[in-house]
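Coordinate analysis (summary)
The primary structure of each chain is shown beneath.
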Amino acid sequence: MSRVLPAVAARAAEALWFRLPAAPSAGDAPEPTVRELLGAPFEVDLRGRMVRGWSWGSGPVVYLVHGWGGSLEQMVPLVAPLLDRGLQVVAFDGPSHGRSDAGIHGPRSSDAVELGRALDAVAARFGPARAVVAHSMGALAALLAIRDGWLASERLVLLAPPSGIPDLLDRIRRELGLGPHATRRLAERARRRTGYAVDDLDLERIAGSLGRHERPELLVVHDLLDREAPHGPSTRLVGSWPGAELLSTSGLGHRRILADAAVGGAVSRFVDRLPVEPSLHGDDRPAPFPRGLTTAAGDTVSGAA
């Protein structure tokens, strides 16, 4: 179809690209649930549609932003460590996610720009942030809200961030077998939908456009074995961001990183302006064993493994 009717192919690809996955079942929600944490529900208006969320505690505000197809309940494991630091935690479901109303493009359809606008609307209710903690595509939403919205944040934590929309478009092009004409039309449809050119929705590019006074202190947490969002772009992002820190994990993947106690502790320490343990690996590949390493069994490893 992309060869014969590129405009039709681009329209079909757009519907697939921005269609949210099926909502996770109740059994997939982490424990404890949102209600068991005794949070207070809230809702804010976003262009006539309700964005719903929960807040906990009092003190400097920390916003939790879920990723594509996620919900605030996925961020629940981070709530308790932040509350222990005397912080107010605010989480919400993006448009067409969780308990919030459908977004402007209808149920089960949204995008990172709309999620960023929802974060901006929530921040207008609760005020400037000590930190924003964002997972996956929420990272792009958070950066857009900081650069182009009203949100101000002292610190920023990105958990398993993607590189941005240009790489995602290339992935969709390959997976759907789109030709060049259909791909260009799809990029134009995305621009009309979001108000941003695809090339402008790149995390490194957005980071580079932030002014010195609006750039938060940055911590990136990313798993080396993440199959949905490769680790390498996070290494480059941290390298391009003055003073940024990278905490690399191994074996947690893209979503289990949210529920890991060590990650929650590191995030809460960073938000509380305390040092974070050094990265497991500072490169985009595992470090080799040093030569002459002696194992617990007394064996000597003579070379890299």
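Residues numbered from 1 in each chain as written. Predicted model: local features only at pLDDT ≥ 70, side-chain atom pairs only at ≥ 80, totals over all residues. Heavy atoms only, no water.

Counting its secondary structure elements, the chain contains nine helices and 10 strands. Looking at the 305 residues of the chain, the share that counts as buried comes to 50%. In the chain, of all internal contacts separated by at least 6 residues, the share reaching a separation of at least 24 is 73%. On the chain, roughly 14500 Å² of surface is accessible, and the fraction owed to carbon and sulfur atoms is 52%. (Helix = DSSP H or I, 4+ residues; strand = E, 2+ residues; numbered from the N terminus. Buried < 20%, exposed > 50% of the residue type's maximum accessible area, 1.4 Å probe, protein only. Contact = heavy atoms within 4.5 Å. Areas by Shrake-Rupley, 256 points an atom, 1.4 Å probe, with all protein chains shown as cover.)

A few words now on the environment of W56. Position of W56 among the secondary structure elements: in strand β2 (residues 49-56). On the basis of relative accessible area, W56 is assigned to the buried category, the value being 2%. Remark: the alpha-carbon pair of W56 and L82, spanning 26 residues in sequence, is separated by 9.7 Å.

Moving on to a nonpolar patch on the surface. A grouping of M1, V4, L5 and V8 is seen on the molecular surface, where their side chains present a nonpolar patch of about 390 Å² in accessible area. In this fold, L5 is placed in the segment before α1 (6-17). Accessibility expressed as a relative area gives 45% for L5, which makes it partly exposed. (Patch = residues over 30% accessible without salt bridge, like charges linked within 9 Å, V, L, I, M, F, W, Y side chains within 5 Å. Salt bridge = Lys/Arg side-chain N within 4 Å of Asp/Glu carboxyl O.)

Taken in spatial order, the eight strands line up as β1-β2-β4-β3-β5-β6-β7-β8 in an open sheet, and their pairing is mixed. Taken across any chain shown, the strands that pair with only one partner, and hence form the sheet edges, are β1 (40-46) and β8 (245-249). Along the sheet, successive strands turn relative to each other by an average axial angle of 20°, direction set aside. Bridge count between strand β7 (residues 217-223) and β8: five bridges; the pairing is parallel. The residue of β8 that forms the bridge with L219 is E245. Along the sheet, helix α3 (residues 112-126) contacts β1, β2, β3 (61-65), β4 (88-92) and β5 (129-135); its crossing angle with β1, the most-contacted strand, is approximately 120°. On the sheet, helix α4 (residues 138-148) packs against β3, β5 and β6 (153-159) and is oriented at approximately 145° with respect to β5. (Pairing = 2+ DSSP bridges. Axes fitted to C-alpha atoms, helices over the stretch in contact; angles between N-to-C directions.)

Now for the side chain of S248. You can see S248 is positioned in strand β8. A distance of 2.7 Å separates the side chain of S248 from the side chain of H231, its partner in a polar contact. (Polar contact = N/O pair within 3.5 Å; in protein donor to acceptor, adjacent residues only side chain to side chain.)

A probe matching the size of a water molecule, rolled over the atoms, marks out where space remains unfilled. Considering only enclosed or pocket space, the largest pocket measures out at about 910 Å³ in volume. In terms of lining, the largest pocket is formed by 37 residues, of which the most central are W17, W68, M137, L168 and R171. Only α1, α3, α5 (165-176) and α6 (180-194) provide two or more residues apiece to the lining of the largest pocket. With seven residues, α5 is the largest single contributor of residues to the lining of the largest pocket. (1 Å grid on protein atoms, 1.4 Å probe; cavity = no way out; pocket = protein on both sides within 12 Å on 5 of 7 lines; lining within 4 Å. Points joined across faces, edges and corners; volume = space filled by probe spheres on them.)

The subject of this paragraph is the pairing of β1. Strand direction decides the pairing type here: β1 and β2, joined by seven bridges, are antiparallel. By the bridge assignment for β2, F42 is matched with G53. Hairpin connection of β1 to β2: two residues between the antiparallel strands, including R47 at a positive phi of 55°.

Burial within β5 is extensive, with seven of its seven residues counted as buried. Here β3 pairs with β5 via five bridges, running parallel. Paired with V61 across the two strands is A129, which belongs to β5. Bridging between β5 and β6 involves six bridges; their strand directions are parallel. Following the sheet pairing, V132 is matched in β6 by L156.

What follows deals with empty space enclosed by the protein. By the definition in use, this model includes two cavities of 30 Å³ or more. Estimated volume of the largest cavity: approximately 50 Å³. G67, W68, G70, Q74, H135, S136, H254 and R255 together form the lining of the largest cavity. Taken together, the residues that form the lining of the largest cavity break down as one nonpolar, six polar and one charged. Taken together, H66, G67, W68, H97, S110, D111, A112, L115 and M137 make up the full set of residues lining the second largest cavity. (Nonpolar A, V, L, I, M, F, W, Y, C, P; charged D, E, K, R; others polar.)

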